[in-house]
Amino acid sequence: MISDSVRDILVSSLKSSTRTVYASKWRRFSIWANSKNIDPFTAPVHSVLDFLAEVFHSGSSSSTVKVQLAAISKYHVGLHDNNIMSHRLCKAFLRGIFLLKLPIKHPPPQWDLNLMLASLILPPFEPSASCSLKLLTWKTIFLLAVTSARRVSEIQALCIRSPYLVFHKDRVSLRTNPSFLPKVVSQTNINQSIDLPVFFPNYSDRAEQKLHFLDVHRQLRYYLHRTKQFRKSDQLFVSYAENRIGLPVSKVTLSRWLTSTISFVYSLRGKQLSSKPKAHSTRSLSTSAAFQDRLPIDTICAAATWATPHTFVSHYKLDLASRDRASFGSTVLKSLFH
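Residues numbered from 1 in each chain as written. Predicted model: local features only at pLDDT ≥ 70, side-chain atom pairs only at ≥ 80, totals over all residues. Heavy atoms only, no water.

1. Quick word on the overall build of the protein chain
And then number 1: In terms of regular secondary structure, the protein chain is built from 16 helices and three strands.
And then number 2: The buried share of the protein chain, taken over its 338 residues, is 43%.
And then number 3: Within the protein chain, residue pairs in contact and separated by at least 24 positions form 60% of the contacts whose partners lie at least 6 positions apart.
And then number 4: Split by element, the accessible area of the protein chain, about 18800 Å² in all, is 56% carbon and sulfur. (Helix = DSSP H or I, 4+ residues; strand = E, 2+ residues; numbered from the N terminus. Buried < 20%, exposed > 50% of the residue type's maximum accessible area, 1.4 Å probe, protein only. Contact = heavy atoms within 4.5 Å. Areas by Shrake-Rupley, 256 points an atom, 1.4 Å probe, with all protein chains shown as cover.)

2. With respect to the pattern of salt bridges
And then number 1: One pass over the structure, following the stated rule, counts seven salt bridges.
And then number 2: The shortest N-O distance in the salt bridge between Glu 154 and Arg 151 comes to 4.0 Å.
And then number 3: What you see here is one network of salt bridges that share partners, running through Glu 126, Lys 139 and Arg 218. (Salt bridge = Lys/Arg side-chain N within 4 Å of Asp/Glu carboxyl O.)

3. Considerations on the packing of aromatic side chains
And then number 1: Under the criterion given, the structure shown has 12 aromatic pairs.
And then number 2: Here the aromatic rings of Trp 26 and Phe 41 are separated by 5.1 Å at their centres, their planes lie at 55 degrees, and the arrangement is tilted. Of this pair, Trp 26 sits in helix α2 (residues 16-35) while Phe 41 sits in the loop between α2 and α3 (45-57), placing them 15 residues apart in sequence.
And then number 3: Ring centres of Trp 138 and Phe 264 lie 5.9 Å apart, and the angle between their planes is 70 degrees; on these two criteria the pair is classed as edge-to-face. Of this pair, Trp 138 sits in helix α7 (residues 133-148) while Phe 264 sits in helix α11 (residues 251-268), and the two are 126 residues apart along the sequence.
And then number 4: With relative accessibility at 7%, the residue Trp 138 sits in the buried group.
And then number 5: A network of ring pairs unites the aromatic residues Trp 26, Phe 29, Trp 32, Phe 41, Phe 51 and Tyr 75 as a single cluster.
And then number 6: Of note, Lys 101 hangs over the ring of Phe 56, and the distance from its end group to the ring centre comes to 4.9 Å.
And then number 7: Cation over ring: Arg 221 sits above Phe 167, and NZ or CZ is 4.1 Å from the ring centre. (Phe/Tyr/Trp six-rings, centres within 6.5 Å; stacked < 30°, edge-to-face > 60°. Lys NZ or Arg CZ within 6 Å of the ring centre and 35° of its normal.)

4. Details of the confidence of the model for the protein chain
And then number 1: When the pLDDT values of the protein chain are averaged, the result is 80; 77% of them are 70 or greater.
And then number 2: Here residues 288-338 scores under 50 on pLDDT; set against residues more than four positions off or in separate chains, the count is 75 contacts. (pLDDT = per-residue confidence, 0-100.)

5. Describing the pairing of strand β3 (residues 194-197)
For a regular strand, side-chain orientation follows a simple rule: the groups alternate between the two sheet faces.
And then number 1: On β3, burial covers both faces: Ile 194 and Leu 196 on one face and Asp 195 and Pro 197 on the other are all buried.
And then number 2: As paired elements, strand β2 (residues 171-174) and β3 share four bridges and run antiparallel to each other. By the bridge assignment for β3, Val 172 is matched with Leu 196. (Pairing = 2+ DSSP bridges.)

6. Describing α7
And then number 1: The first and last C-alpha atoms of α7 sit 22 Å apart over 16 residues, in line with the 22 Å expected at 1.5 Å per residue.
And then number 2: Where α7 terminates, the next one or two residues include Ala 149, which has phi positive at roughly 55 degrees. (Expected span 1.5 Å × (residues − 1).)

7. Concerning the sheet that holds β3
And then number 1: One open sheet holds the three strands; their spatial order is β1-β2-β3, and the pairing between them is antiparallel. A single partner strand is all that each edge strand has here, and the edge strands are β1 (165-167) and β3. Pairs of neighbouring strands in the sheet enclose a mean axial angle of 10 degrees, with direction left out of account.
And then number 2: Bridge count for β1 against β2 is three bridges, and the pairing is antiparallel. Across the sheet, the residue bridging to Phe 167 is Val 172, located in β2.
And then number 3: Contacts from helix α10 (residues 216-227) reach β1, β2 and β3, with the element oriented near 120 degrees to β1. (Axes fitted to C-alpha atoms, helices over the stretch in contact; angles between N-to-C directions.)

Put into structure tokens, the structure is as follows:
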């Protein structure tokens, strides 16, 4: 019999959000098993598959069924000292439902990153020293999201205390609150530094000065200066609403700010969005879709030109990628600027 102290440690191997999901899935299976006089902890594999088949035929996707099986495997005693999820029949079942209901590959986000960046260097987002606090906040989170390609949960966890936020001459370094656990928990991902280089700090003409308006280093300084007087939290992004001013904001609020920024810019420019933007689309657009989709290198090079605001994203993405990820793509694209 496993002791309570050992059980607590084993439970801690999962993030709290995962534990909540698994507990819900396990309850569903337990109710089903008990209704058929089956012990859920020792249910035979054919019973588990019968249950999963019901879940699948009720309209659930193959990924949902897979999560359901993963939850069962966390509580189930296993079969012959093996995790039930590794049973050959369970593997075949998952493969079968995947082929029966192939996941839908959604089209890329239907908004233009170049249009967004070109708009952020103009009024009413500039000058940053005097624009409204709302627009200053929106611009700051949008630039941070597209230059870091981080999830909203990570952006919410960013901390302004030293040493979690440091302004260097050539970059700004950000880290999450030490208690934050990323979606993918690993030694590398925990409290990983987000290093964003400065962008055209020593501009030589009006065009370069406008591109400097997209510098996250600059934008963060303006944002921190404007929020310092009413800030009530070490969380980077705080509310600008009168009834909650200075208080930390939720992931839902950050997501709404991102989508509101996109919708506002499109309205400002008299353009229509073909679909409602999603916060996660900033992450997908700012990463190298060209590199992942194996587009011809000349196509990638054509997009990475200094003649448009898109070069800004290329600049940041390359420096981020050089941190042991996609170093090949970084080296190839950087050769454009030699």
